[in-house]
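Structural characterization, general
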Amino acid sequence: MDTKARLGLRLKAIRKGKKLTQDELAAQIGRSVDALSNIERGKSLPSFSTIDQLSRALDIPLKNLFDFEEAAMSRRKVQLLEELQSLARDLPETDLEVAIDQIRVLNKHRR
């Protein structure tokens, strides 16, 4: 999967995790909904200025938009992992510990 696609999936997962619509985020960064949609679908790569605006609007460090593995995975698996990471980021530590315990049980059961 190329960088545009990975960035798009990461951006979409973070936006949804922050409970923002494309309309809301596009307005915050001064871009059209179509432009944001193209970025999220991996159709276009944003300029550095837009990337900076996205990190500010989403209140995340810039590196979080690009901190992804290069391993070959299906698009769906990447999407699910991005969503999981985005949701987990906002959980309190106690809830995160419960979530990790549940994932460990699933993983152990799979073996």
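Residues numbered from 1 in each chain as written. Predicted model: local features only at pLDDT ≥ 70, side-chain atom pairs only at ≥ 80, totals over all residues. Heavy atoms only, no water.

1. Focus on unusual backbone geometry
Quick note on the threshold: Each helix is a run of H or I in the DSSP string that is no shorter than four residues. Each strand is a run of E no shorter than two, and both are numbered from the N terminus. Categorising residues by exposure relies on relative accessible area from a 1.4 Å probe, with only protein chains included: less than 20% of the type maximum marks a residue as buried, more than 50% marks it as exposed, and the intermediate range marks it as partly exposed.
Non-glycine residue Lys19 carries a positive phi angle of around 60°. Checked against the element boundaries, Lys19 lands in the loop between α1 (3-17) and α2 (22-29). Note on Lys19: relative accessible area 69%, which makes it exposed. In this structure, Asp59 takes a positive phi of about 55° despite not being glycine. By the element assignment, Asp59 lies in the loop between α4 (48-58) and α5 (75-89). When its relative accessible area of 66% is taken as the criterion, Asp59 is described as exposed.

2. A closer look at α5
Cut-off, in case you're wondering: A helix is expected to span 1.5 Å for every residue after the first. Two residues form a contact once any of their heavy atoms are found within 4.5 Å.
For α5, which comprises 15 residues, the first-to-last C-alpha distance of 21 Å matches the rise-based estimate of 21 Å (1.5 Å per residue) to within 8%. Where α5 is buried, its residues contact α1.

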